[in-house]
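Fold and contact review
Here is how the chains run, residue by residue.
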Amino acid sequence: MSARELVVLGTASQMPTRVRNHNGYLLRWDDHTILFDPGEGTQRQFAFVDASPASINRICLTHFHGDHCLGLPGMLLRLSQDGVQHPVHLHYPSTGQVYLDRLRHASIGHDTIDLRTRPLDPSEVEHRTVVDVDGDLTLSAAALRHRVDAIGWRIEESAGRRMLPDRLEAAGIRGPDIGRLRDLGRIDVDGRTVTLEEMSEHRPGQVFAFIMDTALCDAALELAEGADLVVCESTFLDADAEMAERYGHMTARQAGRLAAEAGARRLVLTHFSQRYPDDQVFGHEASLEFDDVVVAHDLAHIPVPARL
Ligand SMILES: [Zn+2]
């Protein structure tokens, strides 16, 4: 099992189908487990994937259309039932507070979780903005272009240093000395000072972007910039580009263009309209613009590409 992967819980926009649940995405990122946009039926999808709801420590909502949030009440109740003790951060557009309040208290239930609500004003994130730092993980957000307020998300690992074994060997640095060099930045070896910079190279942090619902816009591009894995809505096919624009959505081809312009590495297409019977056409259209395209299916595990 990959330490960093996307678990797809659902891929349907608007209405679930026989083979597609409403939206729902789980990002596993080392010790972090982040749930995005739980639509209806999200809780049950956990029964079919190798993932535990109790591991969730953060939930990010893009907006309050039902296919992106109607699974929230069930998931919150489930976390209580599972006896989750750790804090759970919940990020969402503050302009949807009235919906959040209803979803949070939608039924009778014993609410015991330490839920930390983190409303975010879309007008404050017109461009990509850091909203939280948790260990070596940074969460950023940017307001998208939909019919209602919607916010896209970006998860970024801090940059680090990658040790160069050849240079370490040549300098005679072995075993615990490698850890000391990493911690101290410089050590003395046989009367000579060796620095971390000499023995290592810059290692960029990995990046994940989550973009929906939106028309193609600069904020989406900012979120996807240099991302290793981009999950992007592709509600429509290119023949219906005009409809996509009218309803504040993207086509598969636009998603491909976005990934290419952003310099991303892998694109996951999802949020498909049920009007199209053959989902492979989405992949084909996006592939005209970008190489590494994955058409998401429910219950798929999609790894974050390995470091270069
Ligand atoms: Zn929507």
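This structure is a prediction, so every number in the text was calculated from the model and none was measured.

Broken down by element type, the protein carries 10 helices and 18 strands. Since a compact globule built from 308 residues should have a radius of gyration of about 19 Å, the 21 Å found for the protein is in line with a globular shape. Taking the principal axes of its C-alpha atoms as reference, the protein extends roughly 70 × 50 × 40 Å. Among the 308 residues that make up the protein, the fraction classed as buried is 43%. In the protein, the proportion of contacts linking residues at least 24 apart, taken out of those at least 6 apart, comes to 66%.

Moving on to the sheet that holds strand S5 (residues 88-93). The seven strands are arranged S6-S5-S4-S3-S2-S1-S18 in an open sheet whose pairing can be described as mixed. Of all strands in the sheet, those bounded by a partner on one side alone are strand S6 (115-120) and strand S18 (301-303). On average, each strand axis in the sheet is tilted by 20° relative to the strand beside it, whichever way the strands run. Sheet analysis places strand S2 (residues 24-29) next to strand S3 (residues 32-36), joined by five bridges and oriented antiparallel. The residue bridging Leu-26 from the neighbouring strand is Leu-35, located in S3.

What follows covers the pairing of strand S9 (residues 151-157). Summarising burial for S9: seven of the seven residues are buried, a large majority. Burial along S9 is two-sided: the residues Ile-151, Trp-153, Ile-155 and Glu-157 and Gly-152, Arg-154 and Glu-156 are all buried. Across seven bridges, strand S8 (residues 137-143) lies against S9 in antiparallel orientation. Paired with Ala-141 across the two strands is Trp-153, which belongs to S9. Note: S9 against strand S14 (residues 207-211), four bridges, orientation antiparallel. Bridge pairing links Ile-155 to Phe-208 in S14.

This brings us to the nonpolar core. One finds Ile-211, Ala-224, Val-230, Cys-232, Leu-267 and Leu-269 to be the most contacted residues of the largest nonpolar core, which totals 76 residues. Ignoring sequence-local partners within four residues, the contact set of Ile-211 consists of Leu-144, Gly-152, Ala-220, Leu-223, Ala-224, Val-230, Val-231, Cys-232 and Glu-233.

On to the domain arrangement of the protein, then. Taken as a whole, the protein is organised into domain 1 (4-159 + 206-303) and domain 2 (163-200). Inter-centroid distance (C-alpha atoms) of domain 1 to domain 2 is 42 Å.

The rules behind these values
As a convention, each chain's residues are numbered from 1 in the sequence order in which they are written. In view of the model being predicted, local features appear only for residues whose pLDDT reaches at least 70, and side-chain atom pairs are presented and counted only at 80 or more, with totals across whole chains, interfaces and linings using the full set of residues. Secondary structure elements follow DSSP: runs of H or I of four or more residues count as helices, runs of E of two or more count as strands, with numbering from the N terminus. C-alpha atoms define the radius of gyration, and 2.2 Å times the number of residues to the power 0.38 defines the globule rule. The exposure label follows from counting other C-beta atoms within 10 Å of a residue's C-beta, where the C-beta atoms are placed from the backbone and the thresholds are 20 or more for buried and 12 or fewer for exposed, leaving partly exposed in between. The contact criterion used is a C-beta to C-beta distance within 7 Å, with each C-beta placed from the backbone. By the convention used here, strands pair only if DSSP detects at least 2 bridges between them. Interaxial angle, 0 to 180 degrees, is taken between N-to-C directions of lines fitted to C-alpha atoms, where a helix line uses only the stretch in contact. A set of buried Ala, Val, Leu, Ile, Met, Phe, Trp, Tyr and Cys residues, joined to one another through C-beta atoms within 7 Å, is what we call a nonpolar core. An automatic or database domain assignment supplies the residue ranges for each domain.

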